[in-house]
Number of protein chains: 2
Amino acid sequence: MEYQVKAYITLKPGILDIQGETIKGALHSLGYLEVEKVHSGKFLKLKIAADNLKTAKERAAKMGEELLANPIIEDYKFEVKEGN
Amino acid sequence: MEYQVKAYITLKPGILDIQGETIKGALHSLGYLEVEKVHSGKFLKLKIAADNLKTAKERAAKMGEELLANPIIEDYKFEVKEGN
């Protein structure tokens with residue numbers, strides 16, 4: 001079976017988010033003064049093969065821990081659904 | 001009122017996704033051979049002030065067009081909800 005994994009990697013609270021601050025500054029300079037905070041992160045969409053949804057979720061969790069996110073400074077969240 | 005915007009920026013189909021290919025290669029070398037495709041992108045969470053949900057959505061759409069995404073090579077999707 002094929003599964004689609006959507007993974008969201010964000011900096012943990014308290015870790016300085018330089019990219020987010022830079023984007024906020026750029027939005028302000030363009031006149032978007034209503035922007036109070038920008039939190040930047042990564043978004044990944046994976047297509048994986050697995051026997052069932054449970055296995056797909058377990059593998060997606062392991063990939064996050066092992067490679068996709070740095071658990072010291074980043075949070076890793078993901079969703080898995082059947083299909084492409 | 002305060003609104004939370006979640007923005008997802010991904011490369012358009014057909015644009016070479018070097019980061020995604022690199023991640024796929026790294027996952028394969030770690031033994032995750034079931035990974036068939038990796039599509040990489042950016043994820044942003046913004047806190048913005050707006051009078052109402054309609055205005056918040058309009059502003060979020062404009063920010064995407066003007067700064068957050070490059071409309072020539074990237075797709076920009078977002079969700080807006082009330083609260084932090």
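Residues numbered from 1 in each chain as written. Chains lettered and ligands numbered in written order. Predicted model: local features only at pLDDT ≥ 70, side-chain atom pairs only at ≥ 80, totals over all residues. Heavy atoms only, no water.

Trainee: Tell me about the side chain of H39 of chain A, and please be specific about residues and values.
Mentor: Looking at where H39 of chain A falls in the secondary structure, it is placed in strand β2 (residues 35–49). A distance of 3.2 Å separates the side chain of H39 of chain A from the backbone oxygen of L11 of chain A, its partner in a polar contact. Contacts of H39 of chain A, omitting those with residues within four sequence positions, involve T10, L11 and D17 of chain A together with F43, L44 and K45 of chain B. (Helix = DSSP H or I, 4+ residues; strand = E, 2+ residues; numbered from the N terminus. Polar contact = N/O pair within 3.5 Å; in protein donor to acceptor, adjacent residues only side chain to side chain. Contact = heavy atoms within 4.5 Å.)

Trainee: Help me get a handle on the pattern of salt bridges, residues and values and all.
Mentor: Residue and element names in this part refer to chain A. Within the structure shown, the criterion is met by 10 salt bridges over all chains. With a shortest N-O distance of 3.1 Å, D75 and K12 are connected by a salt bridge. Of the two residues, D75 sits in strand β3 (residues 74–82) while K12 sits in the loop between β1 (2–11) and α1 (18–29), which places them 63 residues apart along the sequence. For E58, the salt bridge identified is with K54, shortest N-O distance 3.0 Å. Taken together, the residues E58 and K54, both in helix α2 (residues 53–68) and 4 residues apart, mark about one turn of the helix. (Salt bridge = Lys/Arg side-chain N within 4 Å of Asp/Glu carboxyl O.)

Trainee: A description of the interface of chain B and chain A should follow, citing residues and the corresponding values.
Mentor: Between chain B and chain A, the contact holds 31 residues from the first and 31 residues from the second. For chain B, the biggest contributors to the area lost against chain A are Y32, E34 and F43 of chain B; these three give 20% of the whole. Scanning the region where chain B abuts chain A turns up 2 salt bridges. Of the charged contacts in the structure, one is a salt bridge between E34 of chain B and R59 of chain A, with a shortest N-O distance of 2.4 Å. Our count for the contact surface shared by chain B and chain A stands at 16 residue pairs in polar contact (both at pLDDT 80 or more). (Buried area = accessible area lost by both parts, 1.4 Å probe.)

Trainee: Residues and numbers for the packing of α1 of chain A against helix α2 (residues 53–68) of chain B, please.
Mentor: Look at α1 of chain A against α2 of chain B: their axes get within 11 Å of each other, and the N-to-C directions meet at 105°. The orientation of α1 of chain A relative to α2 of chain B falls into the category roughly perpendicular. Where α1 of chain A abuts α2 of chain B, its residues I23, A26 and L27 of chain A lie against M63, L67 and L68 of chain B. Taken together, the residues that form the contact of α1 of chain A with α2 of chain B break down as 6 nonpolar, no polar and no charged. (Axes fitted to C-alpha atoms, helices over the stretch in contact; angles between N-to-C directions. Parallel < 35°, antiparallel > 145°, perpendicular 65-115°, else oblique. Nonpolar A, V, L, I, M, F, W, Y, C, P; charged D, E, K, R; others polar.)

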